[in-house]
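# Structural overview
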Amino acid sequence: MQIRLAGIGGQGVILAGVILGEAAAIEGLNVLQTQDYGSASRGGHSIADVIISKEPIYELMVTKADVLVALAQLGYDSTKEELKRDGILIVDTDLVKPDRDYIGAPFTHLAEENTGLALTVNMVALGYLVAKTGIVKKESVEEAIKRRVPKGTEDINVKAFRVGYEEGLK
């Protein structure tokens, strides 16, 4: 499965991609994770690509995404052409107004409401993605979060992930 997470700098898109890739590796799946971001650390485009497969992976990057997660309009606008026609588009419904069918939730609002930090939007969106696709197990992602987020922020990030996961099960 080819997954692209797209947003703007500061939304944690790259970290979410790294965590998703690590969760797949924990499960013994083959994984390739790459990233692309603009020179601006805040506000520029930010893209994380993750390819997960039981078979060997020969692509070096996402060519036609099965899933696109867009957390900002810029992220959506700059990557929408790479989503397969029958692919799944997941958006932050408060920040992205797509021109095709989509699913999603107000991820930034959910992050602020449940953790007090908009910075946890990436974990909310990751939870939603995992619930909707089942690409990896919830427990594998939680383990990867604990390994990858800054020390001292593990609990709040796991909480944000669970908020998104529960939203995705609705």
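Scope of this entry: the structure provided in the associated data block. Note that the coordinates shown come from a computational prediction; the quantities given were computed from them, not determined experimentally.

Let us now look at the nonpolar core. Core analysis: the largest hydrophobic core is formed by 41 residues, its most contacted members being L20, I52, F107, L126, V136 and V141. Contributions of two or more residues to this core are made by β1 (2–8), α1 (13–26), β3 (45–53), β4 (65–70), α3 (107–115), α4 (121–133), α5 (138–148) and α6 (154–169). Looking at which element gives the most residues to this core, the answer is α4, with nine residues. Contact partners of I52, with chain neighbours within four places excluded, come to M1, I3, L20, A24, L29, N30, V31, I135 and V136. A6, A65, A70 and V96 belong to the second-largest nonpolar core, a separate cluster that totals twelve residues.

Attention now goes to the sheet that holds strand β2 (residues 30–37). Taken in spatial order, the six strands make up an open sheet running β2-β3-β1-β4-β5-β6, and their pairing is mixed. Because the sheet does not close on itself, it has two edges, and the strands there are β2 and β6 (103–105). For this sheet, the mean angle separating the axes of adjacent strands, direction not counted, is 15°. As defined by bridge partners, β1 adjoins β3 across seven bridges and the pair is classed as antiparallel. By the bridge assignment, I3 is partnered in β3 with V50.

All right, on to α3 then. In an α-helix, one full turn covers 3.6 residues, which means residues spaced three or four apart are oriented alike. Buried residues of α3: F107, T108, L110, A111 and T115, and no others. Buried residues along α3 cover an arc of 160° about the axis, so they all sit on one side. If you follow the buried residues of α3, they end up packed against β5 (83–92), β6, α4 and α6. Where α3 terminates, the next one or two residues include G116, which has phi positive at roughly 80°.

When you line up the elements, E142 lands in helix α5. Looking at E142, its side chain comes within polar contact range of the side chain of R162, at 2.9 Å. Those residues in contact with E142 that sit more than four places away from it in its chain are V158, F161 and R162.

In this structure, I47 sits in strand β3. Along the backbone, I47 and A6 are 41 residues apart, and their C-alpha atoms lie at a distance of 4.5 Å. When neighbours within four sequence positions are excluded, I47 is seen to be in contact with R4, L5, A6, V13, I14, T34, Q35, D36 and T79.

Tallying each qualifying case throughout the model produces ten salt bridges. When the shortest N-O distance is used, the salt bridge between R148 and E22 registers 2.4 Å. One end of the pair, R148, is in helix α5; the other, E22, is in helix α1, and 126 residues separate them in sequence. In this structure, the salt-bridge partner of E142 is R162, at a minimum N-O distance of 2.9 Å. Taken as a pair, E142 in helix α5 and R162 in helix α6 lie far apart in primary sequence, 20 residues in all. Given a relative accessible area of 8%, E142 falls into the buried group. For R162, a relative accessible area of 39% corresponds to the partly exposed category. Several salt bridges converge on common partners, so that one network encompasses E22, E143, R147 and R148.

Rules and cut-offs
Residues numbered from 1 in each chain as written. Predicted model: local features only at pLDDT ≥ 70, side-chain atom pairs only at ≥ 80, totals over all residues. Heavy atoms only, no water. Core = buried A, V, L, I, M, F, W, Y, C linked by side-chain atoms within 4.5 Å. Buried < 20%, exposed > 50% of the residue type's maximum accessible area, 1.4 Å probe, protein only. Helix = DSSP H or I, 4+ residues; strand = E, 2+ residues; numbered from the N terminus. Contact = heavy atoms within 4.5 Å. Pairing = 2+ DSSP bridges. Axes fitted to C-alpha atoms, helices over the stretch in contact; angles between N-to-C directions. Arc of directions from axis to C-beta. Polar contact = N/O pair within 3.5 Å; in protein donor to acceptor, adjacent residues only side chain to side chain. Salt bridge = Lys/Arg side-chain N within 4 Å of Asp/Glu carboxyl O.

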